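Coordinate analysis (summary)
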Amino acid sequence: MAKKKNQDGSEGSSGIPESRYNARALRELIHAGDSATEIMEKLNIRHKQTLRQHVLKLISDDKQYYEVRGLYMKSSSRPKVKKNGVLCINLSGVKFDGRDVVEGDEFVVNIESDHIVLRM
C-alpha cells in the first residue's frame with residue numbers, strides 16, 4: 001500500500017509537513033546550551049519524541065554523546081497528588097525572578113480560590 005503524499009510532497013498521513021532532520025542546526029543549538037523546549041520552537045518540532053529521535057540520530061552520526069536539558073524529564077505541567085497527599089513538582093529549569101531554582105530554596109505556599117501559588 002502506497003503512503004499518502006502531503007501537499008508539499010513529503011510523505012505522511014496528515015496534511016502537516018513533518019519536521020526535517022537538520023544535523024548542523026541541531027548541533028549548534030545543543031552546543032549553545034538551549035533546552036529541549038527552546039530547540040523544539042527554533043526547529044519547528046511539535047513533539048518531544050521527534051526531538052529525541054533527531055538527537056539519537058545526531059549521536060549516532062557524530063559518535064559523540066549530547067545531553068539536552070529537559071529532553072528526558074517528565075513534564076511538570078500536570079503534577080499528581082500521591083496517595084499520602086504529597087504533591088511533587090519538578091522545578092529544574094524553572095526560573096523565578098530571573099534566577100534558577102536550586103536545592104535548599106524555600107517557598108511560601110498560598111491557596112487563592114482555585115490556585116496554589118508559590119512565592120520565593
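Look up: the structure comes first, before these words.
Below or above, wherever it landed, is the structure these notes cover. (Residues numbered from 1 in each chain as written. Predicted model: local features only at pLDDT ≥ 70, side-chain atom pairs only at ≥ 80, totals over all residues. Heavy atoms only, no water.)

A general feature of soluble globular proteins is that nonpolar side chains tend to end up buried together. Membership of the largest hydrophobic core comes to 14 residues, with the highest contact counts inside it found for Leu26, Ile30, Ile39, Leu51, Val55 and Val68. Put simply, the parts of the chain that give this core at least two residues each are α1 (23-31), α2 (36-42) and α3 (48-62). Residues within four places of leucine 51 in sequence aside, it is in contact with Leu26, Ala36, Ile39, Met40, Ile45 and Leu71. (Core = buried A, V, L, I, M, F, W, Y, C linked by side-chain atoms within 4.5 Å. Buried < 20%, exposed > 50% of the residue type's maximum accessible area, 1.4 Å probe, protein only. Helix = DSSP H or I, 4+ residues; strand = E, 2+ residues; numbered from the N terminus. Contact = heavy atoms within 4.5 Å.)

Relative to the helices and strands, serine 35 is located in the loop between α1 and α2. Given a relative accessible area of 11%, serine 35 falls into the buried group. Setting aside residues no more than four positions away along its own chain, serine 35 makes contact with Val68 and Arg69.

Per the counting criterion, the structure on display carries 5 salt bridges. For lysine 42, the salt bridge is made with aspartate 34, and the minimal N-O distance between the two is 2.8 Å. Judged by relative accessible area, which is 13%, aspartate 34 ranks as buried. For arginine 99, the salt bridge goes to aspartate 105, with nearest N and O atoms at 3.8 Å. We classify aspartate 105 as partly exposed; its relative accessible area is 22%. (Salt bridge = Lys/Arg side-chain N within 4 Å of Asp/Glu carboxyl O.)

Nothing here speaks to function; it is geometry throughout.
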